[in-house]
Amino acid sequence: MRCDRANLLRQNRTDHSNRNTVGARAVNYLIGMASTNIHAHAAVRSIATSVSKQPFPRRLVCLPFCAVIAVLPFTVPGALAAGTGDYTSAQGMAGQKIFNQSCSSCHGSDLQGQAGPALAGPAFAKSLQFSKMSASQLYGFISKQMPADDPGSLTEDQYLRVLAYILSKNGYPSGQTRLSKDTLSQVVLLPYPGSSQARK
Amino acid sequence: MLYKPSTSSRSTSRRLAIGGAVAILMCTSAQSVLAQTASSTEEQASDLVSSPGSKSVPSSANVDVSDQAMRSATDDPKDWLLHGRDYSNQRYSPLSQINTHNIGSLVPAALIQTGMTASFETTPLVIDGVMYATTPIVNNKMKIIAYNAATGARIWETTYDVGTQKLCCGPVNRGVSAGYGNLYVATSDANLLALNAKDGTKVWQTNIADPQAGYSETMTPQIYDGMVIVGSSGGEWPLRGFVAAYDAKTGKQVWRWDSTDPNTFEGDSWKTGGGMVWTTPAIDTKRGLIIFAVGNPNPDLDGESRKGDNLYTDSIVALDAKTGKLAWHYQEVKHDVWDYDAVSNVMLFDTKDDKGNTVPAAGEAGKVGWYFIVNRENGKLIRKSEPFVKMNSNMFKAPTKDGVDILPGANGGAEWTPPAYSPKTDDVYVPAMDQLMKFTSDGSTETVPGTMRLGSTFVNVKNNGVQDGTFSAVNVDTGKIDWQYKAPQPLIGGALATGGDLVFTGEGDGWFDAFNAKTGQKVWRYNLGAGVNAPPISYEVNGRQYIAVAAGGNFQLNYPRGDAIALFALPEETTAKHASNWNWRKIFDFASSQSNTKQVKRVTN
């Protein structure tokens, strides 16, 4: 995935409420959010977290160095995209059909938000950053409260597919592992991956 | 307040809307209806507020709207100056040119197409021949538009680019308020705008609350004594509601009253205990009181974490207008776990107490299904009405894991819908609904900032579930229902009463109805293609009385969407002979509709 660092930093500088995540987010962008190995994710997050504890200017200064260190042990982003992500692309595709039937009338056909909130793009990213919501919490909310006109009416598998679709539309990597209730706790929503929509 | 969309097909809705629109055009072509074509292009968003190519209202039009004008709005029959026409929120126009004798001749005078198709709840204002209206939010834009109130011709429009918005109940806005040469608009992303009434340009803008947390604004602000007064929407999020007053000239906050009482909530639950104020307050100018309805506690449907009465949720509340301090309150539902808000506009009128004395009163049509009337001096209950909707034996039972089927459902009763009142009948006219809902506890009370926290679920009962509406004339002196119209669908939108002994309300299937205010007989109807789910108004321009109403459907009940504001009037050349020869009433089948009106013998003390 292309890394638009200048845009990223510009975006982060305007996001005053999330300044401590600037370093962490930047590192993630620099190594490529296409990284799909859970362990790699954890390592990156560890580095990112340590960076985020630094004062703001110092974090910026160390970004390139940290990024290089972070990337070295892993494969290139293009290869990572085919790795093991948080859901399978088949789940995401199946989730799109369910979303179009049950969710799009409120959230928009492109998840951009209408009567219901946006589920992709900058607005969704801001919402995640505000709420610090985990994937398990997001799944819990969706499966209990949605669709608004008939909450709880989908099957567990259908809700998981819808969540997979939401993840895919926000640039979270797909992979070989099916998203399940057991793997929800391993899905990392923040830092937000910064899809092309988010960088508009 | 929370919506529960119906499960009917959207595509069906669209077909109905299109079909209805075609029908309108066919019916109105002979009547020289001005159908203004909406602009097909959206403006480029270069600013939060843009007014490209705006024209000004005629220089002869008075847009100042002084405090004196607002205080005496009751005595100005021509204009619809305030949200509820005057500070009483009675929505009573004394105009009588259109009356029970000639209502059959009422025809469309103009059909304004705003170009913004979505759930439409606006109450337009009409000031000196100029109509000011807000649209719903479509693609994150909302418009504020000025029209010629007689022809429907657009004078200016301003587009507001909406930022973050989190809405429970559709992309709605209920209208502008006017004062001191400005228009005031509360936006869905929780900002307050002041626009120049002449041309729609921005005067100032201030933030009311954090929309990311779940705060929003759907109400029309109230203007009083140099202040712009707003409540807060967002009762389904873990928030604390409030009412705040802002300096009308500068936008600086004057005072703020928070709507949850720590002494009546367990622990710290008052900090996110809900209590939103969704609808425009009434003003008791004699007593200097702002009187309004406060919505549900949060979590909506699970009270375990907020034990106590949870004041001032589900209450009628009066504040001192100068200070924002609490004057009195009356709580309709203690410790609510059914989303039984007090949410419709509070209305002021005089009533009789049990001893026959005239008492200044405030009334509110609750989602819980009664009309509550309290003493305006102290907030004490004078009476509550007969139920105006169905109530079943499960009412007030707590939601369970297996689910409980309850009437009224979580939409009421009476939703945000403002009723009307006629001093000629002493009746309040209340549109409401019967929706049998299953309440199921699911333990979802976890607090995630910026995320809905309902605590349970409710859903329309499928297969043989109750889904209908009522339009009730509730006598304020007795609490009895003088007459009631049974509608085939839940009613949401609003009512208008006029000096012509008429009351108007709309239905979700596109019908706009007029009733004899005294008898409940349906005397006229017109189908606008989209749901008529907004409050009607009446005004006069150049000696001609108009009835206007928005027809854009409703998100909460999934009624067919549209984008129109319809203006009705008697034909300009109307004579008694003409009216009798050209009687639209003949094309409608009244046999079935009249049979839906239940005549109730009026009881007096």
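Right above here is the structure, for reference.
If you're wondering where the values come from, they're calculated on a predicted model, not measured in any experiment.

**Quick look at the overall build of chain A**
Phase 1 of the analysis: In terms of regular secondary structure, chain A is built from ten helices and zero strands.
Phase 2 of the analysis: Along its sequence from the N terminus, chain A presents helices and strands in the succession α-α-α-α-α-α-α-α-α-α.
Phase 3 of the analysis: Burial statistics for chain A: of 200 residues in total, 46% are counted as buried.
Phase 4 of the analysis: When contacts within chain A are restricted to residue pairs at least 6 apart in sequence, those whose partners lie at least 24 apart make up 73%.

**Some details on the overall build of chain B**
Phase 1 of the analysis: Secondary structure assignment for chain B yields four helices and 39 strands.
Phase 2 of the analysis: A buried classification covers 62% of the 605 residues belonging to chain B.
Phase 3 of the analysis: A sequence separation of at least 24 residues applies to 65% of the contacts in chain B between residues at least 6 apart.

**Description of the sheet that holds strand E9 (residues 177–179) of chain B**
Residue and element names in this part refer to chain B.
Phase 1 of the analysis: Overall, antiparallel pairing links the four strands, which are arranged E9-E10-E11-E12 in an open sheet. Each having just a single partner strand, E9 and strand E12 (202–207) make up the two edges of the open sheet. Each adjacent strand pair in this sheet contributes to an overall mean axis angle of 20 degrees, direction not counted.
Phase 2 of the analysis: Note that E9 and strand E10 (residues 182–186) share three bridges and pair antiparallel. Looking at E10, one finds that Ser177 is bridged to Tyr184.

**Section: the environment of B:Thr505**
All names here are of chain B.
Phase 1 of the analysis: The topology assignment puts Thr505 in strand E33 (residues 502–506).
Phase 2 of the analysis: The sequence separation of Thr505 and Lys438 amounts to 67 residues, and the corresponding C-alpha distance is 28 Å.
Phase 3 of the analysis: Excluding residues within four positions of it along the chain, Thr505 makes contact with Pro431, Phe471, Leu491, Gly493, Gly494, Ala495 and Asp513.

**A closer look at the interface of chain A and chain B**
Phase 1 of the analysis: Taken together, the contact pairs 20 residues of chain A with 23 residues of chain B.
Phase 2 of the analysis: Among the residues making up the side of chain A that touches chain B, the classes are represented as eight nonpolar, eight polar and four charged.

**Observations regarding the nonpolar core**
Phase 1 of the analysis: With 178 residues, the main nonpolar core has B:Val228, B:Ile291, B:Ile316, B:Val503, B:Tyr546 and B:Ala566 as its most contacted residues.
Phase 2 of the analysis: One finds A:Leu111, A:Ala135, A:Leu167 and B:Val172 within the second-largest nonpolar core, a separate group that totals 38 residues.

**Concerning helix H8 (residues 122–131) of chain A**
All names here are of chain A.
Phase 1 of the analysis: When you tally the buried positions in H8, you get seven out of ten residues, the bulk of the element.
Phase 2 of the analysis: Buried within H8 are the following residues: Ala123, Phe124, Ala125, Lys126, Ser127, Gln129 and Phe130.
Phase 3 of the analysis: Positive phi shows up at Lys132, right after H8, with a value of about 55 degrees.

**Observations regarding the sheet that holds strand E18 (residues 289–294) of chain B**
Residue and element names in this part refer to chain B.
Phase 1 of the analysis: Judged by pairing direction, the sheet is antiparallel, and its four strands sit side by side in the order E17-E18-E19-E20 without closing on themselves. A single partner strand is all that each edge strand has here, and the edge strands are strand E17 (282–284) and strand E20 (326–331). Shown here is a sheet whose adjacent strand axes are inclined to one another by a mean of 20 degrees, direction ignored.
Phase 2 of the analysis: In this sheet, E20 lies alongside strand E19 (residues 315–320) in antiparallel orientation, the contact comprising five bridges. Of the residues in E20, the one forming a bridge with Leu319 is Leu326.

**Digging into helix H10 (residues 156–169) of chain A**
Residue and element names in this part refer to chain A.
Phase 1 of the analysis: Helix length check: H10 (14 residues) gives 20 Å between terminal C-alpha atoms against 20 Å at 1.5 Å per residue, within 8%.
Phase 2 of the analysis: Of all the 14 residues making up H10, eleven are buried; the element is thus mostly covered by neighbouring parts of the structure.
Phase 3 of the analysis: On its buried face, H10 sits against helix H6 (89–102) and helix H9 (135–145).
Phase 4 of the analysis: Within two residues after H10, Gly171 carries a phi angle of roughly 85 degrees, on the positive side.

**Details of the packing of H6(A) against H10(A)**
All names here are of chain A.
Phase 1 of the analysis: Two elements in contact, H6 and H10, have axes separated by 7 Å at closest approach and are oriented at 105 degrees. By the angle between their axes, H6 is roughly perpendicular relative to H10. When H6 is examined against H10, the residues Gln91, Gly92, Ala94, Gly95, Gln96, Ile98 and Phe99 are found in contact with a partner set consisting of Gln158, Leu160, Arg161, Val162, Ala164, Tyr165 and Ser168.
Phase 2 of the analysis: In terms of residue class, the contact of H6 with H10 is made up of seven nonpolar, six polar and one charged.

**Comments concerning the pairing of strand E16 (residues 253–258) of chain B**
Residues and elements named next belong to chain B.
Phase 1 of the analysis: Where strand E15 (residues 242–247) meets E16, five bridges bridge the pair, whose relative direction is antiparallel. Counterpart to Phe242 in the pairing with E16 is Asp258.
Phase 2 of the analysis: Where E15 folds back onto E16 in an antiparallel hairpin, the turn is made up of five residues, including Gly251, whose phi is positive at roughly 85 degrees.

**A few points about the environment of B:Gly234**
All names here are of chain B.
Phase 1 of the analysis: Within the secondary structure, Gly234 is located in the loop between strand E14 (227–230) and E15.
Phase 2 of the analysis: Distance from Gly234 to Asp501, taken between C-alpha atoms, is 38 Å for residues 267 residues apart in sequence.
Phase 3 of the analysis: The contacts of Gly234, once residues within four sequence positions are left out, are Gly214, Tyr215, Ser216, Leu239 and Met276.

**Some words on unusual backbone geometry**
Residue and element names in this part refer to chain B.
Phase 1 of the analysis: In this structure, the amide linkage connecting Leu311 to the following residue, Tyr312, adopts the cis form with an omega of 5 degrees.
Phase 2 of the analysis: A cis amide bond links Leu407 with the next residue in sequence, Pro408, at an omega value of -5 degrees.
Phase 3 of the analysis: For Phe396, which is not glycine, the phi dihedral falls at a positive 75 degrees.
Phase 4 of the analysis: Overall, the presence of 13 C-beta atoms within 10 Å leaves Phe396 in the partly exposed class.

**Examining the packing of H9(A) against H10(A)**
Residue and element names in this part refer to chain A.
Phase 1 of the analysis: Axis separation between H9 and H10 bottoms out at 10 Å; the angle between their running directions is 125 degrees. Here H10 runs oblique to H9, going by the angle between their axes. The two elements H9 and H10 meet at a crossing, and its hand is right-handed. Where H9 abuts H10, its residues Leu138, Tyr139, Ile142 and Ser143 lie against Tyr159, Val162 and Leu163.
Phase 2 of the analysis: Considering only residue class, the contact of H9 with H10 consists of six nonpolar, one polar and no charged.

**Observations regarding the pairing of strand E6 (residues 130–134) of chain B**
Residues and elements named next belong to chain B.
Phase 1 of the analysis: By the criterion of burial, E6 is predominantly enclosed, with five of the five residues buried.
Phase 2 of the analysis: The alternating pattern of E6 places Val130, Tyr132 and Thr134 on one face and Met131 and Ala133 on the opposite face, and all of these are buried.
Phase 3 of the analysis: Both strand E5 (residues 125–127) and E6 contribute to a ladder of three bridges, which runs antiparallel. Directly across from Val126, in E6, lies its bridge partner Met131.
Phase 4 of the analysis: The antiparallel pairing of E5 with E6 creates a hairpin that spans two residues between the two strands, and Asp128 there sits at a positive phi of about 55 degrees.

Criteria and cut-off values
Residues numbered from 1 in each chain as written. Chains lettered and ligands numbered in written order. Predicted model: local features only at pLDDT ≥ 70, side-chain atom pairs only at ≥ 80, totals over all residues. Helix = DSSP H or I, 4+ residues; strand = E, 2+ residues; numbered from the N terminus. Buried ≥ 20, exposed ≤ 12 C-beta atoms within 10 Å, placed from the backbone. Contact = placed C-beta atoms within 7 Å. Pairing = 2+ DSSP bridges. Axes fitted to C-alpha atoms, helices over the stretch in contact; angles between N-to-C directions. Nonpolar A, V, L, I, M, F, W, Y, C, P; charged D, E, K, R; others polar. Core = buried A, V, L, I, M, F, W, Y, C linked by C-beta atoms within 7 Å. Expected span 1.5 Å × (residues − 1). Parallel < 35°, antiparallel > 145°, perpendicular 65-115°, else oblique. Left-handed = near helix turned anticlockwise from the far one by under 90°.

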